Amino acid sequence: MKKSTNPPSSKTTSAPRVAIAIMAAGKGTRLKSQLPKVLHEVGGKPLLAHVIAAATRVVPASDVFAIIGHEADRVRAAVANTGVNFILQSEQRGTGHALMVARQLLSAYDHVIVLSGDAPQITPQTIAQLLNFHLDEQAAMTLLSADLDHPTGYGRVIRKGSRSAEVQAIIEEKSASPAQKKIHEINAGFYVFSVPALSSHIEKLSTANPHAEYYLTDMAAVLCHARQKVVVWKTENSAEVLGANTRAELAVLDEQMRITKCSRLMAEGVTIFYPATCVIDNDVEIAPDTIIEPFVQILGHSRIGASCRIRSYSVIRDSEIADGVLIRPGCILEEARIGPGAILGPYSHLRPGSDIGEGAHVGNFVETKKIKLGKGSKANHLTYLGDAEIGAGVNIGAGTITCNYDGVHKHTTIIEDGVFIGSDSTLVAPVRVGKGAYVAAASCITTDVPEDALAIGRAHQIVKPGWASAKRAARKPK
Ligand code: UD1
Ligand code: CA
């Protein structure tokens, strides 16, 4: 991808050095949130993470600079794993100011692509096309535009003529005249600048505007006055440029992104009933012939194999599910691994570290945590299995509990292959039940059970014949 989207059409002999700067320092006042705007999530990950993912498919992460400021540490921590560089804009005095702060670091490049950290649907293809247009036109500044039915809130593009690609100015909503407000062609907030042109003119920006900020958009008029070429390239896909300034706009983006995700999965052979009711995060992978029923959530980095069926009301996060798995209604899976052909639910709760073997069954109201359940083993009803290694072909009776916690430490229960645990048993860890052994129902197991043994750990039953009728007789009024 990196190679094919890189600029092929440079007119100079050596390839131009291209950086990407992502503006992500703003607070996001309109969201009324403690969380910085670019960390608000759509499609299951932060706005900024989407923009970085697109950017790093156009240039290497080492040439990407995220300009951060408001809650900078938090933003940095959230996306540090992407390998991009950070530039600190400690005071946020506008989008123009963000680029002033970045000027020195960008001086090593010929061109800089500027992206808005709050517009997550931008694609690498569009970024690369914008760059190619900029290089072909040998422009000082190239901006991306789109026609929107509802342009309110966006900057408007003032072209030199209706057919001309050359731009005279970008007018922000608050400064626009009634006639300018009627323009539907909006500034998307994505630009390419020739670095020398940007650096030598950026000081001309002023704060004489309703927000008293340095607007990067004013560079269009500034460069135009300096007889530098400013051009616009319009994308047909206006959804790509939508930004999120409010919670309502976040919801629109999230919905669009999830519908796109479902459409892509369906095109790849996944059946999704009532896709509008399903919440499937952007990075989820699902193989063909799997069926997703209504009201299912599949989140994070979950991977689901082929020919599975995920029934309604299940929530699956960061889990790996092999082929042919049946998940009945109402299951919750977090960081779990499910082997091929396993059956879960209804209402199973698989917590982190649950590793369910091939063909195993985990049933109603069974909670598991940090366990290995071997091939073909079954725990079908009302059970808690935590910190346990359970072999193959094991039957765990209804109501079994591994007592893994002594109030200070967690201990392990080992249940070897072919064991039968009778219903209502408690296994007080650390404890081992040897291969092929039986545990009688209602046992409290506190010491190891050898291979092939029967362990009975319960009080003897006492039967008192006639006791009940004698009691009733004694109670009768005389
Ligand atoms: C901006 C454009 C507008 C365009 C719209 C597209 C300006 C002045 N206006 O408006 O023409 O139609 O985007 O979505 O640029 N940021 C910083 N440092 C700052 C201020 C902002 O890094 O000092 C970042 C923000 O975090 C955000 C991005 O820049 O990611 C854009 O800022 P925002 O305030 O959202 O600009 P808009 O009002 O949407
Ligand atoms: Ca914005």
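It should be emphasised that the depicted structure is a prediction, and the values quoted were computed from it without experimental measurement.

1. What to know about the overall build of the protein
Moving on, step 1. Broken down by element type, the protein carries ten helices and 37 strands.
Moving on, step 2. In terms of overall dimensions, the protein has C-alpha extents of about 110 × 65 × 45 Å along its principal axes.
Moving on, step 3. Residue burial in the protein is summarised as follows: out of 478 residues, 48% are buried.
Moving on, step 4. Taking all contacts inside the protein whose residues are at least 6 apart in sequence as the whole, residues at least 24 apart take part in 42%.
Moving on, step 5. Summed over all atoms, the accessible surface of the protein reaches about 22,700 Å², with 52% contributed by carbon and sulfur.
Moving on, step 6. One way to put it: in the protein the 51 positive side-chain charges average out to a point 5 Å from where the 46 negative ones average out.

2. Focus: the coordination of the calcium ion (ligand 2)
Moving on, step 1. Only Asp 118 (OD) and Asn 245 (OD1) from the protein coordinate the calcium ion (ligand 2), and they sit 2.3 to 2.5 Å from it. With Asp 118 in the loop between strand 6 (111-116) and helix 5 (124-137) and Asn 245 in the loop between strand 11 (230-234) and helix 9 (247-267), the pair connects residues that are 127 residues apart, well separated along the chain.

3. A closer look at the side chain of Thr 235
Moving on, step 1. Note on placement: Thr 235 falls in the loop between strand 11 and helix 9.
Moving on, step 2. Classification of Thr 235 as buried rests on a relative accessible area of 7%.
Moving on, step 3. A polar contact of 3.0 Å, which involves the side chain of Thr 235, links it to the backbone nitrogen of Asn 237.
Moving on, step 4. Excluding residues within four positions of it along the chain, Thr 235 makes contact with Leu 144, Ser 145, Ala 146, Glu 240 and Val 241.

4. Digging into the site of ligand 1
Moving on, step 1. Residues in contact with ligand 1 amount to 22 residues; listed here are only the nearest, Gln 89, Gly 94, Thr 95, Glu 172 and Asn 187.
Moving on, step 2. Within the side chain of Lys 37, one N or O atom sits 3.0 Å away from an oxygen atom of ligand 1.
Moving on, step 3. The fraction of the free accessible surface of ligand 1 (750 Å²) that becomes covered by protein chains is 90%.
Moving on, step 4. For the shell around ligand 1, the secondary structure elements donating two or more residues are helix 4 (95-106) and strand 10 (185-194).
Moving on, step 5. The residue inventory of the shell around ligand 1, partitioned by class, reads seven nonpolar, ten polar and five charged.

5. Examining a positive patch on the surface
Moving on, step 1. Together, Lys 471, Arg 472, Arg 475 and Lys 476 give the surface a local cluster of positive charge.
Moving on, step 2. Tracing the backbone shows Arg 475 in helix 10 (residues 467-475).

6. A few points about the nonpolar core
Moving on, step 1. Of all hydrophobic cores here, the largest spans 52 residues; its most connected members are Ile 20, Ile 22 and Leu 115.
Moving on, step 2. Here this core takes seven residues from helix 2 (residues 47-55), the largest share from any one element.
Moving on, step 3. Non-local contacts of Ile 20, meaning those with residues more than four positions away in its chain, are made with Ala 55, Val 58, Val 59, Asp 63, Val 64, Phe 65, Ile 113, Leu 115 and Ile 127.
Moving on, step 4. Ile 298, Val 433, Ile 445 and Ala 455 belong to the second-largest nonpolar core, a separate cluster that totals 48 residues.

7. Details of the confidence of the model for the protein
Moving on, step 1. Summary statistics for the protein give a mean pLDDT of 96 and a share of 97% for residues scoring 70 or more.
Moving on, step 2. Every residue in residues 1-11 is under pLDDT 50, and counting partners more than four places away or in other chains gives 21 contacts.

8. What about the pairing of strand 28 (residues 378-390)?
Moving on, step 1. Bridging between strand 27 (residues 361-373) and strand 28 involves ten bridges; their strand directions are parallel. Bridged to Leu 373 within strand 28 is Ile 390.
Moving on, step 2. Relative to strand 29 (residues 395-396), strand 28 runs parallel, the two being bridged by two bridges. When the bridges of strand 29 are listed, Lys 378 appears paired with Asn 395.
Moving on, step 3. Here three bridges tie strand 28 to strand 31 (residues 413-415), and the two strands are oriented parallel to one another. Within strand 31, the residue paired with Ile 390 across the bridge is Ile 415.

9. Quick word on a nonpolar patch on the surface
Moving on, step 1. Taken together, the side chains of Phe 420, Tyr 438, Leu 454 and Ile 456 define a hydrophobic patch exposed on the protein surface, amounting to about 420 Å² of accessible area.
Moving on, step 2. Residue placement: Tyr 438 occurs in strand 35 (residues 438-439).

10. Observations concerning the packing of aromatic side chains
Moving on, step 1. One pass over the full model with this rule turns up five aromatic pairs.
Moving on, step 2. Summarising the aromatic geometry, the rings of Phe 65 and Tyr 109 are spaced 5.9 Å apart at their centres and angled 80 degrees between planes, so their arrangement reads as edge-to-face. One end of the pair, Phe 65, is in strand 4 (residues 64-68); the other, Tyr 109, is in the loop between helix 4 and strand 6, and 44 residues separate them in sequence.
Moving on, step 3. The lysine or arginine in question, Lys 410, covers the ring of Tyr 405, its NZ or CZ lying 5.1 Å from the ring centre.

11. A closer look at the pattern of salt bridges
Moving on, step 1. Applying the stated criterion across every chain yields a total of 19 salt bridges.
Moving on, step 2. For Arg 156, the salt bridge goes to Glu 173, with nearest N and O atoms at 2.8 Å. Residue Arg 156 is located in strand 8 (residues 156-159), and its partner Glu 173 is located in the loop between strand 9 (167-171) and helix 6 (178-181); the two are separated by 17 residues in the primary sequence.
Moving on, step 3. A salt bridge links Arg 317 to Glu 334; the nearest nitrogen and oxygen atoms lie 3.7 Å apart. Of this pair, Arg 317 sits in strand 19 (residues 315-317) while Glu 334 sits in strand 22 (residues 332-334), placing them 17 residues apart in sequence.
Moving on, step 4. Judged by its relative accessible area of 23%, Glu 334 is partly exposed.
Moving on, step 5. One connected set of salt bridges, linked through shared partners, spans Arg 317, Asp 318, Glu 334 and Glu 335.

12. Section: helix 4
Moving on, step 1. For helix 4, built from twelve residues, the straight-helix expectation of 16 Å at 1.5 Å per residue is met to within 8% by its first-to-last C-alpha distance of 16 Å.
Moving on, step 2. Among all positions in helix 4, only Gly 96, His 97, Ala 98, Leu 99, Met 100, Ala 102 and Leu 106 are buried.
Moving on, step 3. Structurally, helix 4 contributes buried residues whose contacts are with strand 1 (18-23), strand 4, strand 5 (85-88), strand 6 and helix 7 (195-201).

13. Examining helix 9
Moving on, step 1. Helix length check: helix 9, at 21 residues, gives a terminal C-alpha distance of 30 Å against a target of 30 Å (1.5 Å per residue), a fit within 8%.
Moving on, step 2. Looking at helix 9, one finds that the buried residues are Leu 250, Leu 253, Met 257, Arg 258, Lys 261, Cys 262 and Leu 265. Along the long axis of helix 9, the arc covered by the buried residues comes to 165 degrees, so they all point the same way. Opposite the buried face of helix 9, by more than 90 degrees, sit the exposed residues Ala 248 and Ala 267.

14. Details of the pairing of strand 7 (residues 141-147)
Moving on, step 1. Where burial is concerned, most of strand 7 is hidden: six out of the seven residues are buried.
Moving on, step 2. For strand 7 and strand 10, the ladder comprises six bridges, and the chain directions are antiparallel. Counted as the bridge partner of Ala 146 is Ile 186 from strand 10.

Rules and cut-offs
- Residues numbered from 1 in each chain as written.
- Chains lettered and ligands numbered in written order.
- Predicted model: local features only at pLDDT ≥ 70, side-chain atom pairs only at ≥ 80, totals over all residues.
- Heavy atoms only, no water.
- Helix = DSSP H or I, 4+ residues; strand = E, 2+ residues; numbered from the N terminus.
- Buried < 20%, exposed > 50% of the residue type's maximum accessible area, 1.4 Å probe, protein only.
- Contact = heavy atoms within 4.5 Å.
- Areas by Shrake-Rupley, 256 points an atom, 1.4 Å probe, with all protein chains shown as cover.
- Lys, Arg positive; Asp, Glu negative; His and termini not counted.
- Charge placed at Lys NZ, Arg CZ, Asp CG, Glu CD.
- Donors = N, O, S within 2.8 Å, 3.2 Å for Na, K, Ca; no water.
- Polar contact = N/O pair within 3.5 Å; in protein donor to acceptor, adjacent residues only side chain to side chain.
- Near = heavy atom within 4 Å.
- Nonpolar A, V, L, I, M, F, W, Y, C, P; charged D, E, K, R; others polar.
- Patch = residues over 30% accessible without salt bridge, like charges linked within 9 Å, V, L, I, M, F, W, Y side chains within 5 Å.
- Salt bridge = Lys/Arg side-chain N within 4 Å of Asp/Glu carboxyl O.
- Core = buried A, V, L, I, M, F, W, Y, C linked by side-chain atoms within 4.5 Å.
- pLDDT = per-residue confidence, 0-100.
- Pairing = 2+ DSSP bridges.
- Phe/Tyr/Trp six-rings, centres within 6.5 Å; stacked < 30°, edge-to-face > 60°.
- Lys NZ or Arg CZ within 6 Å of the ring centre and 35° of its normal.
- Expected span 1.5 Å × (residues − 1).
- Arc of directions from axis to C-beta.

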